[in-house]
Amino acid sequence: MHLHKYEKIWLVFGIIALAIFLGVVGVSAFSHDHTPAGGMHTIDPEKVNETAPFDKPGVTQIDDDTYQVAIVAMAFGYTAPELKVPAGKEIIFHVTSTDVVHSFTIDNTKVNMMVVPGQITTKSYTFDKPGKYLILCNEYCGTGHHMMFNEIEVY
Ligand code: CUA
């Protein structure tokens, strides 16, 4: 098979470019301690209800300025009794899923996390203003996806 000189040049250029790009992707994926956005904590999705802090979902005060909120997402809702947290304090959300991928999104805030079964997703947030905030799922998770919401009250 005869290849034209220019064709050879382009082939070599293409292969070298591919090697460089794959190298860049590989190095940036493995060399910078990248983790999933919500952290590296894992959990057995079959044993969520027995594993702290999800054995007692809801709000726990950790100290004067910090509250922890544990929430389990499942098709199609969030198990969290009475979510009431104060404004101006650090709220640390821990969320996990028992079934499929959901999201935990609080409307009008920067809280928007993917909730993956087997992973504990953690996000810290401080509410500036009191009010009632809508929590919703924005990962399509099944036929009841549009019914998956809850509310958090900030006082
Ligand atoms: Cu859960 Cu959509």
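Residues numbered from 1 in each chain as written. Predicted model: local features only at pLDDT ≥ 70, side-chain atom pairs only at ≥ 80, totals over all residues. Heavy atoms only, no water.

To continue, consider the overall build of the protein. Assigned secondary structure in the protein consists of 1 helix and 10 strands. Each helix (α) and strand (β) of the protein, taken in turn from the N terminus, gives the series α-β-β-β-β-β-β-β-β-β-β. The C-alpha radius of gyration of the protein comes to 22 Å, more than 25% above the 15 Å expected for a compact globule of 155 residues. Its C-alpha atoms give the protein principal-axis dimensions of about 75 × 35 × 30 Å. By element, 60% of the accessible surface of the protein is carried by carbon and sulfur atoms, the whole surface being about 9,900 Å². With 10 positive and 17 negative side-chain charges, the protein shows a separation of 9 Å between the mean positions of the two kinds. (Helix = DSSP H or I, 4+ residues; strand = E, 2+ residues; numbered from the N terminus. Rg over C-alpha atoms; globule rule 2.2 N^0.38 Å. Areas by Shrake-Rupley, 256 points an atom, 1.4 Å probe, with all protein chains shown as cover. Lys, Arg positive; Asp, Glu negative; His and termini not counted. Charge placed at Lys NZ, Arg CZ, Asp CG, Glu CD.)

Here the focus is the nonpolar core. Counting residues in hydrophobic clusters, the biggest one holds 25 residues, and the most contacted among them are Ile71, Phe93, Phe104, Ile106, Phe127 and Ile152. Elements supplying a minimum of two residues to this core: β2 (66-74), β5 (90-97), β6 (102-106), β7 (112-115), β9 (131-136) and β10 (149-154). At 4 residues, β2 tops the list of elements feeding residues into this core. Leave out the neighbours within four places in its chain, and Ile71 touches Phe54, Tyr78, Thr79, Ala80, Leu83, Phe93, His94, Val95, Thr96 and Phe104. Counting 6 residues, the second largest nonpolar core, distinct from the first, contains Ile43, Phe54, Val72 and Ile120. (Core = buried A, V, L, I, M, F, W, Y, C linked by side-chain atoms within 4.5 Å. Buried < 20%, exposed > 50% of the residue type's maximum accessible area, 1.4 Å probe, protein only. Contact = heavy atoms within 4.5 Å.)

Turning our eyes to something else, we now look at the packing of aromatic side chains. Counted under the stated rule, the structure contains 6 aromatic pairs. Taking 5.8 Å as the distance between ring centres and 85° as the angle between the ring planes, the aromatic pair formed by Tyr78 and Phe104 counts as edge-to-face. Here Tyr78, found in strand β3 (residues 77-79), pairs with Phe104, found in strand β6; they are 26 residues apart in sequence, far enough to count as distant. Comparing Tyr78 with Phe104, the two get one shared label, buried. Taken together through their ring pairs, the aromatic side chains of Tyr78, Phe93, Phe104, Tyr125, Phe127 and Tyr133 make up a single cluster. (Phe/Tyr/Trp six-rings, centres within 6.5 Å; stacked < 30°, edge-to-face > 60°.)

Tracing the chain through its elements places Val111 in the loop between β6 and β7. With 18 residues separating them along the chain, Val111 and Phe93 place their C-alpha atoms 9.3 Å apart. Residue contacts for Val111: discarding those within four places in its chain leaves Phe104, Thr105, Ile106, Lys123 and Tyr125.

For β6, the buried fraction is high: 5 of the 5 residues fall into the buried class. Burial along β6 is two-sided: His102, Phe104 and Ile106 and Ser103 and Thr105, pointing in opposite directions, are all buried. Summarising the sheet, β6 and β7 pair through 4 bridges and their orientation is antiparallel. By the bridge assignment for β7, Phe104 is matched with Met113. Hairpin connection, β6 to β7: the antiparallel pair is bridged by 5 residues, and Asn108 has positive phi, about 65°. Two elements, β6 and β9, share 2 bridges in a ladder whose sense is antiparallel. Looking at β9, one finds that Thr105 is bridged to Leu136. (Pairing = 2+ DSSP bridges.)

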